[in-house]
2 protein chains.
Amino acid sequence: MRVHLGTIRRPFGLSGDGRLLIALRVCAAAALLAAPPAFAQLTGPLVLKEQGSFFVGGVTKTVSQPSNGPAPAQTGDITVNQMYVQYQIPMAGARHVPVVFVHGCCLSSKTWETTPDGRMGWSEYFLRKGRSVYLVDQVSRARSGFDPSDFSAVRAGTLASARMPAILDATHQLAWTVFRFGPKFGEAFPDEQFPLEAVDELYKQMIPDLNSTLPQNANPTWTQMAALGVKLHGAILVGHSESGFFPEQAALIDPTGIRGLVTIETGCPPLTQAQLAKLAKIPTLVMFGDHLADVTKPLNWMGAFESCNRFVAQLEQAGGDAEMMHLPDLGIKGNSHMLMQDKNSNQIADLLIAWIDHHVETRRGAE
Amino acid sequence: MRVHLGTIRRPFGLSGDGRLLIALRVCAAAALLAAPPAFAQLTGPLVLKEQGSFFVGGVTKTVSQPSNGPAPAQTGDITVNQMYVQYQIPMAGARHVPVVFVHGCCLSSKTWETTPDGRMGWSEYFLRKGRSVYLVDQVSRARSGFDPSDFSAVRAGTLASARMPAILDATHQLAWTVFRFGPKFGEAFPDEQFPLEAVDELYKQMIPDLNSTLPQNANPTWTQMAALGVKLHGAILVGHSESGFFPEQAALIDPTGIRGLVTIETGCPPLTQAQLAKLAKIPTLVMFGDHLADVTKPLNWMGAFESCNRFVAQLEQAGGDAEMMHLPDLGIKGNSHMLMQDKNSNQIADLLIAWIDHHVETRRGAE
């Protein structure tokens, strides 16, 4: 329904049936003013059907803790491995497959919210495009908490300090090069898309990474992501960087609830034929930004890119619907590792949404 | 504007001016259907003017880190002491003073979201009552991150393990009694208001508390809360449990942006006359639930209650507008320490909103 707002200014000077017609036009205009078509707009009111948060998974672990500030010495139970999920459902959410976003190393779900320079993040952008959005804090990070047992044991003297899990905290200097803002700290690529005037706001998002407290080959986040897909009766899983291959890891555990795999900016490990056959049943998109050859250490981006090109080719050979979206090949230049926060983040989101519409949604080009 | 939905079903069989009247009634009903008055309703669409997240504060710290997984040995800068804030503004938000919620020990902002038994939390309830809501993750917790330096130093062998900050992690057993669910673990008070059938979901919210990494008498969260008040051009600060007195601590640092202090379920430390005079300029509410005398260890709730009764009396003596709201005195029984998640959480929220309207808002009883 489209009504020119000018309609409302027309005089009521008509008689007979014309009066009803005018009144109904006023009515339509008033309804438009009262409830703008938010899902077609990036500004104006945001209308939600529902929002909230919950946990997926979590197991009970018995621990002994020494006296600690206000808390006495205690032997008791804590819950570990739970995964925090925050969600919003737009009014028309049921028309699209929900999208689950998982952040990378040394970051939290803040990744997908307001960008460092204060623009709308992907979480709200996808919402305004009619998608239900689920933001995950990885197990052992942010609101999901972590298992402190080994740290407490070192402090209590029952575990050697060298055996304490390593905390991974990226410095500003490391982030600058690894995230491909420029060739060296403080120097930007000429066409850099990351909003470097606000890079200090990105640094505030960078928080200690405690994934070393988790089993290396059985990260509980993978299991909980698979369970979240089942709970949602189908979801598209999107991973980035450290979590870039988590969607695939989740699908290898249980593909039941997974309708699409989106792998952004990571390395793709070699898989067996049986694993490839399992993943080939799910549409897969791999996405990379620019300047991959311009940063070689401490992270070899071309190596990561090539490993994923191999993965995409193997999926296709196994009969899968897989695509490598290397942004420069589409004429989109200068994107960093943090492409969901880059100045052209909406453009990249549109590419992802178009891929979802054409490869995952049942109706092509659904809006 | 109130329109019975039945209006829409009336026939269009009238002539002359009556027709316009009916059409306008249809119009009103249609507008109601298109955009229900969400702020008067607890169900139906949630209409937001704006939402997002940002950080307050944060300082740069130079650290030396050994090689750590994919990260090489590095000397560089990290950001610490930043405070993560997630906010939502309702369509009519500017008509009310924003409310800032800060969580307690071993918890995150999840405290204020969907309750353990799946009901609407205070964050959305206040929003639907027309309030702008700001959820804070305390500095050193959840999405605010923490300073890992001392942990890394212990692991590297440059700091004695006994000097490593203690991580406070509450067990299920400790929470049961301290949160006053019942006299001992697994046994509930007969009139207990906490939704104990969903207590496992509360346990998942309980995450390690790293406040011991912060200066004890200069918690950066206090400073950032004061700064947040200034940024918002006036806010009501609500603290709970560990953060119960943080609103007052923030006001002692800078009261400029603080329009109201709400202290829920904590101990109130003794203050100087100068400090009391400073706080007495700001309306203050202290709130406690039930069964205070029924739990004496490890936390003496009656002692905490009495310390806050003293604080309220001192504020009144200093000319302040201060109130102790002890729920059982209002005939509201059985509330736990987690009263924002109790089965009657909406009722408690209404009491808080009524206090805000009458003591903080310029127009009494504003809606």
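*Asks:* Requested: an account of the overall build of chain A, with residues and values cited.
*Replies:* Secondary structure assignment for chain A yields 10 helices and 10 strands. Counting the 367 residues in chain A, one finds 60% classified as buried. Taking contacts inside chain A between residues at least 6 apart in sequence as the whole, the part at least 24 apart equals 71%. Of the roughly 14,000 Å² of accessible surface on chain A, 54% is carried by carbon and sulfur atoms.

*Asks:* If you had to explain the pattern of salt bridges to someone new, which residues and values would you point to?
*Replies:* Using the criterion set out here, one finds 24 salt bridges over all chains in the structure. For aspartate 357 of chain A, the salt bridge is made with arginine 131 of chain A, and the minimal N-O distance between the two is 2.9 Å. Here aspartate 357 of chain A is found in helix H10 (residues 345-359), whereas its partner arginine 131 of chain A is found in the loop between helix H2 (122-128) and strand E6 (133-137), with 226 residues between them in sequence. For aspartate 357 of chain A, a relative accessible area of 6% translates into the label buried. Notably, a salt bridge pairs glutamate 242 of chain A with arginine 141 of chain A, separated by 2.9 Å at the nearest N-O pair. In this pair, glutamate 242 of chain A is assigned in the loop between strand E7 (235-240) and helix H7 (246-253) and arginine 141 of chain A in the loop between E6 and helix H3 (149-156), connecting sequence segments 101 residues apart. Arginine 141 of chain A gets classed as buried once you look at its relative accessible area, which sits at 1%. Residues participating in the shared-partner salt-bridge network are Glu113 and Asp137 of chain A together with Arg143 of chain B.

*Asks:* With reference to specific residues and values, describe the interface of chain B and chain A.
*Replies:* Contact with chain B, which involves 77 residues of that partner, is made by 78 residues of chain A. Buried area between chain B and chain A, both sides added, is near 6,700 Å², and the carbon and sulfur share of it is 57%. Sorting the residues of chain B by area buried against chain A places Arg143, Arg155 and Lys204 of chain B first, and these three jointly supply 11% of that buried surface. Between the two partners, chain B and chain A, sit four salt bridges. The salt bridge partner of glutamate 113 of chain A is arginine 143 of chain B, with a shortest N-O separation of 3.4 Å. Along the contact surface separating chain B from chain A lie 33 residue pairs in polar contact (both at pLDDT 80 or more). The biggest single contributor to the side of chain B that touches chain A is strand E1 (residues 46-56) of chain B, with eight residues. Looking at side-chain class alone, the side of chain B that touches chain A contains 40 nonpolar, 25 polar and 12 charged residues. As paired elements, strand E1 (residues 46-56) of chain A and E1 of chain B share three bridges and run antiparallel to each other. When the bridges of E1 of chain B are listed, leucine 48 of chain A appears paired with leucine 46 of chain B.

*Asks:* Quick one: what's the story with the packing of aromatic side chains, residue by residue and with numbers?
*Replies:* This structure, assessed with the given rule, holds 35 aromatic pairs over all chains. Taking the centre distance of 5.8 Å and the plane angle of 85° together, the rings of tryptophan 176 of chain B and phenylalanine 181 of chain B count as edge-to-face. Just as tryptophan 176 of chain B is buried, phenylalanine 181 of chain B falls in that class too. An aromatic cluster is present here, built from Trp176, Phe179, Phe181, Phe185 and Phe194 of chain A joined pairwise through their rings.

*Asks:* An account of the relation of the copies chain B and chain A is requested, with residue identities and associated values reported.
*Replies:* Between chain B and chain A, which share one sequence, the superposing operator has a rotation angle of 180° and an axial displacement of 0.0 Å; the RMSD is 0.0 Å. With respect to symmetry, the two chain copies, as superposed, fit the operation of a two-fold axis. Among all C-alpha atoms of chain B, that of alanine 142 of chain B lies closest to the rotation axis, at 1.8 Å. Interface residue correspondence from chain B to chain A reaches 100%, placing this contact among same-surface, isologous pairings.

*Asks:* Can you tell me about the nonpolar core, naming the residues and giving the values?
*Replies:* Trp122 and Phe126 of chain A together with Trp122 and Phe126 of chain B are the most contacted members of the largest nonpolar core, which has 186 residues in total. Residues within four places of tryptophan 122 of chain A in sequence aside, it is in contact with Phe101, Trp112, Ile264, Leu339, Met340, Ser345, Ile348, Ala349 and Leu352 of chain A. Phe146, Ala153 and Val154 of chain A together with Phe146 of chain B belong to the second-largest nonpolar core, a separate cluster that totals 16 residues.

*Asks:* Requested: an account of empty space enclosed by the protein, with residues and values cited.
*Replies:* For the structure shown, the criterion picks out six cavities of 30 Å³ or more. Ala142 and Phe146 of chain A together with Ala142, Phe146 and Leu210 of chain B are the residues nearest the centre of the largest cavity, which is lined by 16 residues in total. Counted by class, the lining of the largest cavity contains 10 nonpolar, four polar and two charged residues.

*Asks:* If you had to explain the packing of helix H6 (residues 220-231) of chain B against helix H7 (residues 246-253) of chain B to someone new, which residues and values would you point to?
*Replies:* Residue and element names in this part refer to chain B. Two elements in contact, H6 and H7, have axes whose closest approach is 8 Å; the angle formed by their N-to-C orientations is 70°. By the angle class used here, H6 and H7 are roughly perpendicular. Packed against H6, whose contacting residues are Thr221, Trp222, Thr223, Met225 and Ala226, the element H7 presents Phe246, Pro247, Gln249, Ala250 and Ile253 at the interface. Here the residues of the contact of H6 with H7 are counted per class, giving seven nonpolar, three polar and no charged.

*Asks:* Explain helix H3 (residues 149-156) of chain B to me, and be specific about the residues and the numbers.
*Replies:* Every buried residue belonging to H3 of chain B is among Ser149, Phe151, Ser152, Ala153 and Val154 of chain B, and all of these are buried. Residues of H3 of chain B that are buried in the fold lie against H3 of chain A together with strand E2 (59-65) and strand E3 (74-80) of chain B. At the C-terminal side of H3 of chain B, glycine 157 of chain B shows a positive phi close to 85°.

*Asks:* Describe the environment of methionine 287 of chain B, listing the residues and the values that go with them.
*Replies:* All names here are of chain B. As for its placement among the helices and strands, methionine 287 is situated in strand E9 (residues 284-288). When its relative accessible area of 0% is taken as the criterion, methionine 287 is described as buried. Once the C-alpha coordinates of methionine 287 and phenylalanine 305 are considered, the two residues, 18 residues apart in sequence, prove to be 9.2 Å apart. When residues no more than four places from it in sequence are discounted, the contact partners of methionine 287 are Thr263, Ile264, Glu265, Met325, Leu339, Ile348 and Leu352.

*Asks:* Pulling in residues and values, what's your account of the environment of alanine 235 of chain B?
*Replies:* Mapped onto the elements of the fold, alanine 235 of chain B is located in strand E7 (residues 235-240). Each C-alpha atom of the pair alanine 235 of chain B and glutamine 173 of chain B lies 36 Å from the other, and the pair is 62 residues apart in sequence.

Rules of the game
Residues numbered from 1 in each chain as written. Chains lettered and ligands numbered in written order. Predicted model: local features only at pLDDT ≥ 70, side-chain atom pairs only at ≥ 80, totals over all residues. Heavy atoms only, no water. Helix = DSSP H or I, 4+ residues; strand = E, 2+ residues; numbered from the N terminus. Buried < 20%, exposed > 50% of the residue type's maximum accessible area, 1.4 Å probe, protein only. Contact = heavy atoms within 4.5 Å. Areas by Shrake-Rupley, 256 points an atom, 1.4 Å probe, with all protein chains shown as cover. Salt bridge = Lys/Arg side-chain N within 4 Å of Asp/Glu carboxyl O. Buried area = accessible area lost by both parts, 1.4 Å probe. Polar contact = N/O pair within 3.5 Å; in protein donor to acceptor, adjacent residues only side chain to side chain. Nonpolar A, V, L, I, M, F, W, Y, C, P; charged D, E, K, R; others polar. Pairing = 2+ DSSP bridges. Phe/Tyr/Trp six-rings, centres within 6.5 Å; stacked < 30°, edge-to-face > 60°. Least-squares fit on C-alpha atoms with pLDDT ≥ 70 in both. Core = buried A, V, L, I, M, F, W, Y, C linked by side-chain atoms within 4.5 Å. 1 Å grid on protein atoms, 1.4 Å probe; cavity = no way out; pocket = protein on both sides within 12 Å on 5 of 7 lines; lining within 4 Å. Points joined across faces, edges and corners; volume = space filled by probe spheres on them. Axes fitted to C-alpha atoms, helices over the stretch in contact; angles between N-to-C directions. Parallel < 35°, antiparallel > 145°, perpendicular 65-115°, else oblique.

These figures capture arrangement, not role.
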